[in-house]
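Single-letter residue listing:
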Amino acid sequence: MAPPKAQRASDFFRQGRRDKTRPEQDGGGSHSPTPASDQGSDTEALQPPPGDISISEAKMAAMLQKLRSSMKEDLQLAVDDIRREVHEVGTRLNALEEKTDDLCQANDGILDKIRQMESEQARLTAKLADLEDRSRRNNIRVRGVPESVAGSDIPEYLQQLFTAIQPNLEPADLRLDRAHRVPKPATLARDIPRDIVTRLHYFSAKDAILTAQRKSTAMPPGYEKISLFADLSPMTMARRRDFINVTKCLRNHKIPYRWGFPTKLLIWRNGTLTKLEDPDQGMHKLKAWGLFPDHAPPNHPAPPGQVAQEWTKVQRKK
């Protein structure tokens, strides 16, 4: 006989309470999942089985070993390339050092040849200047003769001038081979008359005229603006201009001097003859004599010197 409805409802609720108090067992009846049971299930699902852990470690070790081998091969290739490039650079450097040594030796040889040629060129230049000066040794350069003196009147004008300077000369001694004006440098003013170059037939007459003119304190009346000079080659004149500071100092101290050939100064001082062949030598000598203490010798560019090696060749291992 079926239980009444009220009895069945009471049994249903009692059965529900017993299900809630019954411990959970694997394989039990279904029940509503709780938040705790859900979290536990997710954690268990993320954790691999013990067998899967060992497999992952073996795979990781194999991957690391493969990566290590690949990096080692790449590094070895890079090192081989660097070693090859360093060897090539060393070979080139060796060749450059040997070539530079050869160039240094060749440069030193060229410098020796240049010095030898400079010395020979200076000797030949001095010889040529001396020969040209000897060809002019009978000439006198006359400066200050007015342009109003025509070309045809120049010989007579010069003979009168020379007679006034050196009256002891006979008319026959004043024989002139030629006399003419020379072109004027462009740097001189237009109102300055051109110089006259004349050649006396006798050297003794030329020397007597210049000597008398140097010893006289003034030119004869009517010729005060006239000056006489020895006619020299341009090379000798340029060489003498280099001694201008020395000669000016000697004139200021009234020390006698004369020119020698090739161009050099011959100075008489305290009964001693001093030869000066170089302007720097002359300035040092004047300073030693106490005549020019405040003057410094002119600076000339230093001649090129030999090239010194700045390294030592090292034999590199191949």
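Values in this document were obtained by computation on a predicted structure and should not be read as measured data.

Rules behind the numbers
Residues numbered from 1 in each chain as written. Predicted model: local features only at pLDDT ≥ 70, side-chain atom pairs only at ≥ 80, totals over all residues. Heavy atoms only, no water. Pairing = 2+ DSSP bridges. Helix = DSSP H or I, 4+ residues; strand = E, 2+ residues; numbered from the N terminus. Salt bridge = Lys/Arg side-chain N within 4 Å of Asp/Glu carboxyl O. Buried < 20%, exposed > 50% of the residue type's maximum accessible area, 1.4 Å probe, protein only. Contact = heavy atoms within 4.5 Å. Core = buried A, V, L, I, M, F, W, Y, C linked by side-chain atoms within 4.5 Å. Polar contact = N/O pair within 3.5 Å; in protein donor to acceptor, adjacent residues only side chain to side chain.

1. Thoughts on the pairing of strand β7 (residues 272-276)
Pairing analysis gives five bridges linking strand β6 (residues 264-269) to β7, with the strands arranged antiparallel. Bridge assignment links R269 to a residue of β7, and that residue is T272. Linking β6 to β7, which pair antiparallel, is a turn of two residues; within it N270 sits at a positive phi near 55°.

2. Digging into the pattern of salt bridges
Within this structure, the stated rule accounts for 13 salt bridges. One salt bridge in this structure joins D130 and R134, with 3.1 Å as the shortest N-O distance. Taken together, the residues D130 and R134, both in helix α3 (residues 50-135) and four residues apart, mark about one turn of the helix. By relative accessible area, D130 is classed as buried at 12%. R136 is the partner of E132 in a salt bridge, and the nearest nitrogen-oxygen pair spans 3.0 Å.

3. So, the side chain of N138
Tracing the backbone shows N138 in the loop between α3 and β1 (139-143). Leaving out residues up to four positions away in the same chain, N138 has contacts with T198, R199, L200, H201, Y202, F203 and K206.

4. Quick notes on the nonpolar core
Core analysis: the biggest nonpolar cluster contains 23 residues, and V142, L158, L161, F162, I209, I226 and L228 have the highest contact counts within it. Among the elements of the structure, β1, α4 (154-165), β3 (196-200) and α5 (203-215) are those that each provide at least two residues to this core. Among the elements that take part in this core, α4 stands out by supplying six residues, more than any other. Sequence-distant contacts of L161, that is, excluding residues within four places in its chain, are made with V142, M219, Y223, I226 and L228.

5. Quick look at the environment of R141
Relative to the elements of secondary structure, R141 occurs in strand β1. C-alpha of R141 to C-alpha of R199: the two residues are 58 residues apart in sequence and 9.0 Å apart in space. With residues near it in sequence (within four places) discarded, R141 still touches V182, D195, I196, V197, S227, L228, F229 and D231. Side chain to side chain, R141 and D231 meet in a polar contact 3.2 Å long.

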